[in-house]
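Listed below, chain by chain, are the residues.
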Amino acid sequence: MTVTLATVITEFLSRPDLAKSTRRTYELALKPILMEYGSWAIEIIGKQTLIEYLKGLSDCNYITHRKYQAIVQSLFNFAVEEGYIQFNPIRGLKQRQPNPDKGEHKTDSVVRYLTSTQLNLLYKAVSSDLRMNAIVHLLHHSGCRISELLGLNIDDADLTKFKFQVIGKGNKQRCCYFSNVAASALSKYLKYERYNTVDALFTAQQPVTKVVSRISYRTVHEYWRQLISIYPELVGVRIHDLRHTFATERVGLMGIEELRALMGHENIQTTLRYQKVTSARAEEIARQALNSLI
């Protein structure tokens, strides 16, 4: 039975977990490709066809273009999950860069951090995976580096005092502190998913040999990529951005030296970057303040 692109788009937009506003955004973004290729069988739409389609969106600025590409990529991820195609033809396709000749420029953000909306979506994405849920909570709530977190042993984490000690850059030790919410996420992982045959805090089992070892960054990154792939709003978000989010959220709530100590920065200038609140962050805070007054 031939399944057309139009059929897949209809099913993609009919998912019950889509918010109305998100569905409207998807409908607008997918209308051009539906008009052009809706009658085509999904399995004959290849990489080159999609590249040419995306190139044809010349009227879009680069931000809109990136959003449209992310949504198209999510559509084909959905097609893979439903078994209509074996792989996403544009998986890993680089996004369009801004064109200065058209007055396009990259964001003025000094550091890349997650917005409130992105954080909510991220926690939703990892909620079904206890290990990734714990990792995301600890990174966001402690500000540690992913390499520092994955290097921890079970005895390094103190669930009663909500802290752990890491060895950072320059072989320097420092304490990282986390919230009770992160402690709860960690406790669930420890109780239900962690393999206790090795000392590592975060463990993984090889699917073939069944050997248990410390989980690698590569494995965590693969799980991260899979879990966030269905959310266009999270396309391009990196694991390291959780560390930036931690610091950005705490600017103004503590002294710069205290923040420097928590982050493990050798140079104070590195910490001072977080004081340069971007226009996007300022707008988000302003809107939150206005909403609280209504």
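What you see is a predicted model; the values in this text were computed from it and never measured.

Student: Give me the lowdown on the overall build of the protein, citing residues and values where you can.
Tutor: Scanning the protein from terminus to terminus reveals 13 helices and five strands. The buried share of the protein, taken over its 294 residues, is 42%. When the accessible surface of the protein is split by element, carbon and sulfur atoms take 52% of a total near 16,600 Å².

Student: I'd like a rundown of the nonpolar core, residues and numbers included.
Tutor: L122, I135, L149, F164, F202 and W224 are the most contacted members of the largest nonpolar core, which has 40 residues in total. Sorting the residues of this core by element identifies α5 (116–126), α6 (130–142), α7 (146–150), β2 (163–167), α8 (180–192) and α9 (217–228) as the ones contributing at least two each. L50, C60, F76 and F78 belong to the second-largest nonpolar core, a separate cluster that totals 28 residues.

Student: Summarise the sheet that holds β2; cite the residues concerned and give the values.
Tutor: The three strands are arranged β1-β2-β3 in an open sheet whose pairing can be described as antiparallel. Two strands lie at the open edges of the sheet, namely β1 (157–158) and β3 (173–177), each paired on one side alone. When β2 meets β3, the two strands line up antiparallel, connected through five bridges. Across the sheet, I167 pairs through a bridge with Q173, a residue of β3.

Student: Before we move on, could you go through the side chain of T271 and cite the residues and values that matter?
Tutor: With respect to the helices, strands and loops of the structure, T271 is situated in helix α12 (residues 268–272). In this structure T271 comes out as buried when scored by relative accessible area, which is 0%. Here T271 is in contact with I256, L259, R260 and H265, once residues within four sequence places are set aside.

Student: Describe in detail helix α11 (residues 256–263), supporting the description with residues and values.
Tutor: Every buried residue of α11 is listed here: L259, L262 and M263. The buried residues of α11 occupy an angular sector of 95° when the element is viewed end-on, so they sit on one face. Buried residues belonging to α11 abut β3, α10 (241–250) and α12. Once α11 ends, the next one or two residues include G264, with phi positive near 75°.

Student: Can you break down unusual backbone geometry residue by residue, with the values?
Tutor: Among all residues except glycine, the phi angle is most often negative; among peptide bonds, the trans geometry is most common. Residue F162 is not a glycine yet carries a positive backbone phi of 55°. With respect to the helices, strands and loops of the structure, F162 is situated in the loop between β1 and β2. Exposure remark for F162: the relative accessible area of 29% places this residue in the partly exposed category. Phi is positive for K210, which is not a glycine, with a value near 65°. Its place among the elements puts K210 in the loop between β4 (203–205) and β5 (212–214).

Student: I'd like a description of the packing of α10 against α11, backed by residues and values.
Tutor: Two packed helices can be described by the angle between their axes and the distance between those axes. It is the contact of α10 with α11, at a shortest axis distance of 11 Å, that shows an interaxial angle of 165°. Classified by the angle between their axes, α10 and α11 sit roughly antiparallel to one another. Considering only the axes of α10 and α11, their crossing is right-handed. Listed contacts from α11 to R243, F246, A247 and R250 of α10 are L259, L262 and M263. Class assignment for the residues of the contact of α10 with α11 results in five nonpolar, no polar and two charged.

Student: Tell me about the pattern of salt bridges, residues and numbers included.
Tutor: Tallied over the full model, the rule gives seven salt bridges. Measuring nitrogen to oxygen at the nearest pair gives 2.6 Å for the salt bridge that ties R145 to E148. Across this residue pair, the class does not change: R145 and E148 are buried. Where D241 meets R238, a salt bridge forms, and the shortest distance between an N and an O atom there is 2.7 Å. Taking the relative accessible area as the measure of exposure, D241 reaches 3% and is therefore buried. If you follow the salt bridges from partner to partner, you end up with R112, R238 and D241 in one network.

Student: For the confidence of the model for the protein, give the residues involved together with the corresponding values.
Tutor: Predicted coordinates in regions of low pLDDT should not be interpreted in detail. Of all residues in the protein, 90% have pLDDT values of 70 or greater, and the mean over the chain is 88. Mean pLDDT across the elements of the protein bottoms out in helix α13 (residues 279–293) (64) and peaks in α6 (97).

Student: Residue-level account of the packing of helix α1 (residues 5–13) against helix α2 (residues 20–37), with values.
Tutor: Where α1 contacts α2, the two axes come as close as 10 Å, and the packing angle between them is 175°. Compared by their axis directions, α1 and α2 come out roughly antiparallel. On the side of α1, the interface is formed by L5, A6, I9, F12 and L13, while α2 contributes R23, Y26, E27, L30, I33, L34 and Y37. The class makeup of the residues in the contact of α1 with α2 is ten nonpolar, no polar and two charged.

Parameters at a glance
- Residues numbered from 1 in each chain as written.
- Predicted model: local features only at pLDDT ≥ 70, side-chain atom pairs only at ≥ 80, totals over all residues.
- Heavy atoms only, no water.
- Helix = DSSP H or I, 4+ residues; strand = E, 2+ residues; numbered from the N terminus.
- Buried < 20%, exposed > 50% of the residue type's maximum accessible area, 1.4 Å probe, protein only.
- Areas by Shrake-Rupley, 256 points an atom, 1.4 Å probe, with all protein chains shown as cover.
- Core = buried A, V, L, I, M, F, W, Y, C linked by side-chain atoms within 4.5 Å.
- Pairing = 2+ DSSP bridges.
- Contact = heavy atoms within 4.5 Å.
- Arc of directions from axis to C-beta.
- Axes fitted to C-alpha atoms, helices over the stretch in contact; angles between N-to-C directions.
- Parallel < 35°, antiparallel > 145°, perpendicular 65-115°, else oblique.
- Left-handed = near helix turned anticlockwise from the far one by under 90°.
- Nonpolar A, V, L, I, M, F, W, Y, C, P; charged D, E, K, R; others polar.
- Salt bridge = Lys/Arg side-chain N within 4 Å of Asp/Glu carboxyl O.
- pLDDT = per-residue confidence, 0-100.

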